[in-house]
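Structural description and commentary
Here is how the chains run, residue by residue.
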Amino acid sequence: MILWLWLCWGFSTSAGQPDSELMARYLEEKLMADYSIMEQVARRVPRQAKFLQRLETRPRMSEFTVKSTIISRYAFTTVSCTMVNSGSEAREAVFEMQIPAAAFISNFTMSIGNKTYYGEVTGKEKKRSSDDKARDKKPPSPTDGRENGYETFKASVFIPRKMQAKFLLHYEELLQRRLGKYEYTVSIRPQQLVGRLRVEVNILENSGIVSLEVPPLRNSKHKGNGKIEGDVSPPPSTVVGHTKTLAKVTFNPSVVEQTRIARNGILGDFIIRYDVKRELSVGDVQILNGYFVHYFAPTDLPPLPKNVVFVLDSSASMVGTKLKQTKEALFTILQDLRPEDHFNIIGFSNRIKVWQQDRLVPVTPNNIRDAKKYIHNLSPTGGTNINGALQTGAKLLNDYIAQNDIDARTVSLIIFLTDGRPTVGETQSSKILSNTKDAIRDKFCLFTIGIGNDVDQKLLERMALENCGMTRHFQEDEDAASHLKGFYDEIGTPLLSDIRVDYPEDNVEQVTQNFFPNYFNGSEIIIAGKLINRTSDSLHVEVTASNSKKYILLKTDVAIDLPSRNDIRGVPGLEDGKGDKNYIERAWSYLTIKELLNSRLKSDDNQEKDYLTEKAKSMALTYNFVTPFTVLKMREAGLHSEPPQEDFISPSTDGIGEKLQSLQGHKAPPGIHRQQDKQRIKISKTSADGDPHFVIDFPSSKFSVCFNIDGEPGDILRLVSDHKESGVTVNGKLIGAPAPPNGHKKHRTYFSTITILSNKPERSYLEITPKRIILDDGERLLLSCDRSAVVRSSSLEVSISANSNITVTIRDTISFVILIHHYKKPAPYQRDHLGFYISNSKGLSSDSHGLLGQFLNHEVKLLQESLNTSHQQVGQNQTEALKPNPTNTLKVKGRLVPVVWKQRRIYNGQQEVDCWFAKNNADKLIDGSYKDYLASHPFDTGTSFGTITNV
């Protein structure tokens, strides 16, 4: 998009009004307007640059300032430029700025002398004249004013002698996460040396800022590669400062420093990269004044297997550097394929050449070697049969999926690369699009790459959009090898598939896209919407997805009116917001307009296109965005209006302490939802909890038995051991704490870790602590205990109730519940710990053992010992009468065990249990002694009592 504003005026020679709000700027502009002072400034310029300046006839740029506020990935940018005509006649001044193609211009203002002109966003009128129709038939310009993801904004005016012109450009964008980083870029290309050049970027991320970096300036030939080689230090005069959630970056080079970088004033791109703290959870949900935005980018997930077909253009136009760089990139990409991936390669020109006919091959050293030979032997010749190549690739992948019964939890994709337009076979774009869509049938995604100026980028863009993929375009003189490798890195590690994000229908409306076929490592899923019910205390969020062999459900209740942990009032760089700039509302409008534009691009129905056009236009007018359906028209503000002030747009902070929530880690206040979660858990009294206190429930005998184990810190107790039959083992590790004052114990012990192992039908294990869970069934998954979630595989399900409990179900016949004990202000003798409860033991065999497992399929008898030591068996209805008798006895496997009557608290102390207590570390109650139940390590699986094996 090139926006030309050609405005010519005849002005009087009276000087313009200075900026009265900023004294420093006022002084500098007054000095710059004075020709003699301008000469003094010029004396500091090196002699060669000074000589060039004397030859200049264009106005001088006295000031070029960029100020940006980034709050939760949404960036407000203001560019201010002042040009001075110190000559004796009117001269033309051109303000030119490259902005990201994904950004929307939201305002433009300029002043010359005492007149101010402001931009007004209006809708484009439909014009269908003969000239327009003829223009529509012409192929679109290859670059269309773009340079690899950037667009050029231009404004041209004539400045009368001894006067100045000032330009203010505002634009907004939502930063996209790629390769694990957000990248904010400012183009610094004033095309001359500037007396005052400054860039200031303020960042606020309530989740926490990590990995902040400012690489060297980047010129156009290296745009977009995302990697830095050689010097990685920030540009000269760059100052970086940040706290946990705030960052401020400034770039303020002197004229001498500018000259050292580039004497022509084309310094390059100033780049800031950063990421935010995150974890596997529903993500970061933020709410402000009736709008919400949801960022989802989980980490610590194992990659999904890929089935990938590379479709490479080898036509005659690829001769030379383009094909050479493509081959170099493919050599590297092949090395990055994982052993569980499958792949094939297609080269095409006017002929279609398939490397391995009718199949995809696994990643092995021999296959990688042979694939490299095939790529090396590709030679550029013939025309470009895009349709035939895509049909062949789609059929190859479809047949492989059908014939091999591919697990739905793998990711299949085509990566297509070309440098030209279709010249062989089907050449009509609409037919190629429909044929490709019919061939793929939503079964996999298509990713397209265009190289050079002859490629039909609109065709590639639409093909990718219609088939759940992405597209990239690289200029012919750029480093195609690094670009292609960088693009593959973005999509080469799929972590989740079939991601769906749901909110209650009666709570939200106008939600942006909430279903995503794939989530790739280093990227981010973003959803936004409006709240309907503002009186609700919380917003329920559920995320469902697949990960390899596991199904994942993450859920939480996000508090709506909870005061924020991070009140941003008074934050430097954020305090000068003007007007109501709800950044979350604007992020929602930004995403909505982008989706409308994409939907229109994909549509073949004229009526639907008109509807989408009008809807996008209406929203763009509401939020003052310049889009393909709106234009910026200049209006005169009036003869005596003030010159444009540098009102750097940033979000309003009015009432922010009450209305802004950065809710990662926040939960709805304790209430009905949490109580319902606890009520749904039905577990037996058989457990090991607390210090630790063991309880064995015998339902048929209608009584319980309890005992203590006085272990040592670091001991690992075998709680359930049935490795040989059901394949299940449960071990618990003890942590120590000082004993309470005046107590009889030398120390206390608690369970700090519970390890659950299962080897049937396949090996897997769970390692649970009060803070996190590690699930490993061949693929490692990390879960946080402060987030509700459900993870399900073919034989195992893990359900987390945030900060409360974890339920583990094995083959639907064995269930354990682990309670989480957290202390907000622990006493010296208290530690965060776990409690272990058996919910369902049907799947455990009669030979199961362990401190708890040995009693699951055995009954005990309660005896009363008379004064003459004769034994009398106690009936069930006599138990109550025996409570005060200190000489009661249990008969366990032929052993007599003296017991006393006690009460124990279980279920986080919410219930009391009456039980018969066995003293002395359960002497005679358990088989053997306490030391027989010590495991050598958390993954020790005793195949039978008294033996130890390692897994």
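A brief report on the enclosed structure follows. (Residues numbered from 1 in each chain as written. Predicted model: local features only at pLDDT ≥ 70, side-chain atom pairs only at ≥ 80, totals over all residues. Heavy atoms only, no water.)

Quick look at the overall build of the protein now. Along its length, the protein carries 16 helices and 51 strands. A buried classification covers 54% of the 951 residues belonging to the protein. Pairs at least 24 residues apart make up 70% of the contacts formed inside the protein by residues separated by at least 6 positions. Looking at the protein as shown, the accessible area adds up to about 41300 Å², and 48% of this sits on carbon and sulfur atoms. (Helix = DSSP H or I, 4+ residues; strand = E, 2+ residues; numbered from the N terminus. Buried < 20%, exposed > 50% of the residue type's maximum accessible area, 1.4 Å probe, protein only. Contact = heavy atoms within 4.5 Å. Areas by Shrake-Rupley, 256 points an atom, 1.4 Å probe, with all protein chains shown as cover.)

On to the sheet that holds strand S10 (residues 181–188). Reading across from one edge, S9-S10-S15-S12 is the order of the 4 strands in this open sheet, with antiparallel pairing throughout. If you trace the sheet from one side to the other, it starts and ends with strand S9 (177–178) and strand S12 (209–213), each paired once. Alignment of S9 against S10, held across 2 bridges, turns out to be antiparallel. Following the sheet pairing, Arg 178 is matched in S10 by Lys 181. (Pairing = 2+ DSSP bridges.)

Helix packing for two helices is described by the angle between their axes and how far apart those axes are. Look at helix H6 (residues 321–336) against helix H7 (residues 365–376): their axes get within 10 Å of each other, and the N-to-C directions meet at 170°. If you check the angle between H6 and H7, you find them roughly antiparallel. Across from Lys 327, Leu 330, Phe 331, Leu 334 and Gln 335 in H6, the residues of H7 making contact are Ile 368, Ala 371, Lys 372, Ile 375 and His 376. Its residues placed into classes, the contact of H6 with H7 shows 6 nonpolar, 2 polar and 2 charged. (Axes fitted to C-alpha atoms, helices over the stretch in contact; angles between N-to-C directions. Parallel < 35°, antiparallel > 145°, perpendicular 65-115°, else oblique. Nonpolar A, V, L, I, M, F, W, Y, C, P; charged D, E, K, R; others polar.)

Inspection of the entire model under this criterion finds 2 disulfides. Shown here is the disulfide that connects Cys 445 with Cys 468, its sulfur atoms set 1.9 Å apart. Handedness of the Cys 445-Cys 468 disulfide follows from its S-S torsion of about -105°: it is left-handed. Taken together, the residues Cys 445 in strand S23 (residues 445–451) and Cys 468 in the loop between helix H10 (457–466) and strand S24 (471–474) connect sequence positions 23 residues apart. With relative accessibility at 2%, the residue Cys 445 sits in the buried group. We classify Cys 468 as partly exposed; its relative accessible area is 34%. Disulfide partner of Cys 706: Cys 915, at an S-S distance of 2.1 Å. A torsion of 70° about the S-S bond marks the disulfide between Cys 706 and Cys 915 as right-handed. Residue Cys 706 is located in strand S35 (residues 703–708), and its partner Cys 915 is located in strand S51 (residues 911–918); the two are separated by 209 residues in the primary sequence. (Disulfide = S-S within 2.5 Å.)

In this section: the packing of helix H9 (residues 429–440) against H10. Viewed as axis vectors pointing N to C, H9 and H10 meet at an angle of 25°, and their least axial separation amounts to 10 Å. Taken together, the axes of H9 and H10 are roughly parallel relative to one another. The interaxial crossing formed by H9 with H10 has right-handed handedness. The segment H9 lies against H10, with Ser 429, Ile 432, Leu 433, Thr 436 and Lys 437 engaging Leu 459, Arg 462, Met 463 and Glu 466. Considered class by class, the residues forming the contact of H9 with H10 number 4 nonpolar, 2 polar and 3 charged. (Left-handed = near helix turned anticlockwise from the far one by under 90°.)

Alignment of strand S11 (residues 196–204) against strand S14 (residues 246–251), held across 6 bridges, turns out to be antiparallel. The residue bridging Val 201 from the neighbouring strand is Val 249, located in S14. Relative to S14, strand S13 (residues 238–242) runs antiparallel, the two being bridged by 5 bridges. For Thr 238, the partnering residue across the bridge sits in S14 and is Phe 251. Where S13 folds back onto S14 in an antiparallel hairpin, the turn is made up of 3 residues.

In this section: the pattern of salt bridges. Close approach of charged atoms lets side chains of opposite charge pair. Using the criterion set out here, one finds 36 salt bridges in the structure. For Asp 927, the salt bridge goes to Lys 893, with nearest N and O atoms at 2.9 Å. Remark: Lys 893 occurs in the loop between strand S49 (888–892) and strand S50 (895–906) and Asp 927 occurs in the segment after helix H16 (919–922); sequence separation between them is 34 residues. For Asp 927, a relative accessible area of 13% puts it in the buried group. What emerges from the salt-bridge pattern is a single network uniting Arg 73, Arg 177, Glu 205, Asp 275, Arg 278, Asp 284 and Glu 524. (Salt bridge = Lys/Arg side-chain N within 4 Å of Asp/Glu carboxyl O.)

Looking at the secondary structure, you find Lys 244 in the loop between S13 and S14. Counting along the chain gives 39 residues from Lys 244 to Glu 205, while the straight-line C-alpha distance between them is 8.6 Å. Ignoring anything within four residues of it in the chain, the contact list for Lys 244 reads Gly 208, Ile 209 and Lys 277.

Here we come to helix H11 (residues 480–491). Between its first and last C-alpha atoms H11 spans 17 Å; for 12 residues at 1.5 Å apiece the expected length is 16 Å, and the two agree. Along H11, the residues classified as buried are Ala 480, Ala 481, His 483, Leu 484, Lys 485, Gly 486, Phe 487, Tyr 488, Glu 490 and Ile 491. (Expected span 1.5 Å × (residues − 1).)

With 18 residues, helix H13 (residues 606–623) extends 26 Å between its outermost C-alpha atoms, agreeing within 8% with the 26 Å of an ideal straight helix rising 1.5 Å per residue. Residues of H13 that are buried include every one of Leu 612, Thr 613, Ala 616, Lys 617, Met 619, Ala 620 and Tyr 623, and no others. Backbone nitrogen of Gln 607 and a side-chain oxygen of the N-cap are separated by 3.1 Å at the start of H13; the cap is Asp 605. (Polar contact = N/O pair within 3.5 Å; in protein donor to acceptor, adjacent residues only side chain to side chain.)

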